[in-house]
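# A closer look at the structure
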Amino acid sequence: MLTKIILSGFGGQGILFAGKNLALCGMNSGCEISWLPSYGPEMRGGTANCSVCISDDPIGSPLVTVPDIAVVMNTPSFDRFEPVVASGGHLFVDSSMTDRVSARNDIHCHYIAASETAEKNGISGMANIIILGRMIAECKELLPWITVDTVKGAVKGLVSGNKEKLITQNMTALSIGAIGAAS
Amino acid sequence: MERLLMKGNEALAEAAIRAGCKCFFGYPITPQTEISAYFAKNMPKRNGVFLQAESEIAAVNMVLGASAAGVRAMTSSSSPGISLKSEGISYLAASDLPCVIVNVQRGGPGLGGIQPSQSDYFQAVKAAGHGDFHLIVYAPASVQETVDMTYLAFENADRYRMPVMILSDGLLGQMMEPVSFPDTEIKLPEKEWACTGHKHRRTHNIINSLYLQPDMLEKSVNDRFMRYERVKSECTLSEEYLCSDADIVVTAFGASARIARSAVDSARKKGIRAGLFRPKTLYPFPETELKASCRNASAVLCTEMNMGQMVYDIRLILENTLPVEFYGRTGGNIPSPEDILTQIEKMNRRIKGGALSGSSI
Amino acid sequence: MEAVFDRPHALCDVPTHYCPGCTHGIIHRLIAEVLDELDIEGDTVGVCPVGCSVMAYDYFGCDMIEAPHGRAPAVATGVKRASPDKVVFTYQGDGDLAAIGTCETVHAAARRENITVIFINNTTYGMTGGQMAPTTIPGQITQTSPYGRDTAMQGYPIKICEMLAAVDGTAFVQRVSADSVPHILEAKKAIRKAFENQLNGIGFSLVEVLSTCPTNWGMTPSAAMERIRKELIPYYPLGIYKDISNQSK
């Protein structure tokens, strides 16, 4: 099984971090993974995105062109990636950052006011993790390797500085995200 | 072995340090800068030297000095920077100095772009500088292979006293994959030829590339080319995937080969007998292995992230026994597996229709 | 019988390719004497450049490396960083050091690289047959300034000592001359100091030696020596331009 994910938004929204988190979850579950960031002028305040592949088998192309799951956290990212989500795939939209709505009826669209929610809950900057929480809850079939516990383990491996505080905040964000899930 | 999640560039730097690299000299350029940054952070803690040079030219000449002094030394850059280093690379080769040079390729020519490319194949394999010489050129296709080839690069640089290039690209350098580092203990070879001060116990050592007598220069070049024959028989590496019954053999190196592999898998699912041949060393080129992989093929498709460079070698080696077609993207664009699959399907239709065969070229 | 004058040990007993009357031989000897006096030949690595002194690797007894044109300070940096316990010197001409290698020179100085640089300034490219150099003085006739160096067209010479004295990293810089016995004795002292500085960890030390090129100047050796005194020293004044060796490190 191979799941292809794109995460996108502005630099500073933690797009690359959320992608690394997913990749690390996959690796810790014994999967093959790849994480490929956009780089260059984009990362200097412009839009940023990364491709993450998680698979039971060796990964060929690490560049995701037709994602099974896409996270879009601003309007340019919505415009770029909404049309290319695989039929039957999932689109996660930070609706605090864009008012775009998908007209496609062959994909699952999830609109989450992640940035506002993060702000309200005193964890601003954690919109990415709120969406990650929602994704894990909504995409169990596409991400059978990933649970809240694997994400917690990944966060520990990724954050530096005041680990306890950051881990707590990440956990809060994950559960806020999961609450909004349909199931 | 522990699996770590690392960027290709950082994993390469870590592998170099573990392989005994004592000195790194570099100059910032996207998309290889993480290599310098990793050395900058780690060399002071691990008894090594990191120095940011004033230019790529200075950096490669610092490598020349450190290598002449007998230590394992390395520099890295990206395409435009490798052009600047080519003077030093020629001198290193002519002075029989071991070192490792990394090219994390980006689109060219000129300043080009910063996105991944493979358009320095010719430069790496045919003309890394003026004069008759070669580098051993490794073309990794994954972060793990980048690590493994970095160890090999240092080892073979010393063994054959020649510069070795790792030809990476922006995709392999920037991507993260799980990677583990082998626990091999590194034995550094004695270098009797090095300039370490003679202590009045031997005559002075001279590291030099100047021979004003044509016969002497010719001899030095001939001697070096005899060494390359050893390199050819001892260092050639390649991989074949589903080639034994393949109608269409796709050839690709480095990052392109991963994409081609995905396309080959998709083609197989559609009932097309496709295979992949991947040279892991571009010099020496796995000529015999390529011929063997194509033994049952009707046609060959070469895919590269350039306008067609390795394809010349493929055609030369196959000596017109098979039609060899090319598909490439350039400028920093990365072909998708679907793009390559489309090419395979088109070729397959033409083979079935009798429009593509060895005699058609 | 007691020998009262001999070839320095650090100078190989081989014929050199230098033209008659050229001062390279004198300067080679001074360096070799210093290597002998400080007993460092066995721990020294020399770097010689492209130019007339390209074959100096055959003349000095210590280990030697031939560098690409202009790159000797970078090569020396590599050697010194790899082996800080070795004594490393470069021997460079004006085309090498002050034209194609200006960048490497200035940055080695700025890093206070602990190396010794001997800079031979004879105001011309000798090896290629006497073309205009970065140090060719205004009005000087060369193969590529056949009407004399015209500053309106060809700009001004670079005064390396003055320039490097303005670089914070430079530890020691002195201009000397090889034209006469008193000046040669002074040159020897400067070269010795430049090596001692390295042994004492003081850092980048450069000695510029005003030299002759009788062949390309079209002069007899003695007339060439006279030209140094009459034309070059007034343009390139001798002396110490910077010396931090007495300051605390």
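Further up the page is the structure itself.
In this text the structure is predicted, and so the values were computed from the model without any measurement.

## A few points about the overall build of chain A
Broken down by element type, chain A carries 6 helices and 6 strands. Counted from the first residue to the last, chain A has its helices and strands arranged as β-α-β-β-β-α-β-β-α-α-α-α. Against the compact-globule benchmark of 16 Å for 183 residues, chain A has a radius of gyration of 15 Å, which places it among compact chains. Across its three principal directions, the C-alpha atoms of chain A cover 40 × 40 × 40 Å. Across the 183 residues of chain A, 51% fall into the buried class.

## Some thoughts on the packing of helix 3 (residues 56-68) of chain B against helix 4 (residues 79-94) of chain B
Residue and element names in this part refer to chain B. With their axes 8 Å apart at the nearest point, helix 3 and helix 4 run at an angle of 25° to one another. In this view, helix 3 runs roughly parallel relative to helix 4, as classed from their interaxial angle. As for how helix 3 packs across helix 4, the hand of that crossing is right-handed. Contact with helix 3, carried on its side by Glu56, Ile57, Val60, Asn61, Leu64 and Ser67, involves Gly81, Leu84, Lys85, Glu87, Gly88, Ile89, Tyr91 and Leu92 of helix 4 and no other residues of that element. Residue composition of the contact of helix 3 with helix 4, grouped by class: 7 nonpolar, 4 polar and 3 charged.

## Re the sheet that holds strand 15 (residues 324-328) of chain B
Residue and element names in this part refer to chain B. Pairing in this open sheet of 5 strands is mixed, and the strands run 10-12-11-14-15 from one edge to the other. Every other strand in the sheet has two partners, leaving strand 10 (238-241) and strand 15 as the edge strands with one partner each. The sheet shows a mean angle of 20° between the axes of neighbouring strands, direction not considered. Where strand 11 (residues 248-251) and strand 12 (residues 274-279) come together, 4 bridges link them in parallel fashion. Each bridged residue has a counterpart across the sheet, and for Val250 the counterpart in strand 12 is Leu276. Docked against the sheet, helix 9 (residues 254-269) engages strand 10, strand 11, strand 12 and strand 14 (299-304), running at close to 165° with respect to strand 12. In the packing of helix 12 (residues 337-352) onto the sheet, the strands contacted are strand 11, strand 12, strand 14 and strand 15, and the crossing angle to strand 14 comes to about 160°.

Conventions used here
Residues numbered from 1 in each chain as written. Chains lettered and ligands numbered in written order. Predicted model: local features only at pLDDT ≥ 70, side-chain atom pairs only at ≥ 80, totals over all residues. Helix = DSSP H or I, 4+ residues; strand = E, 2+ residues; numbered from the N terminus. Rg over C-alpha atoms; globule rule 2.2 N^0.38 Å. Buried ≥ 20, exposed ≤ 12 C-beta atoms within 10 Å, placed from the backbone. Axes fitted to C-alpha atoms, helices over the stretch in contact; angles between N-to-C directions. Parallel < 35°, antiparallel > 145°, perpendicular 65-115°, else oblique. Left-handed = near helix turned anticlockwise from the far one by under 90°. Contact = placed C-beta atoms within 7 Å. Nonpolar A, V, L, I, M, F, W, Y, C, P; charged D, E, K, R; others polar. Pairing = 2+ DSSP bridges.

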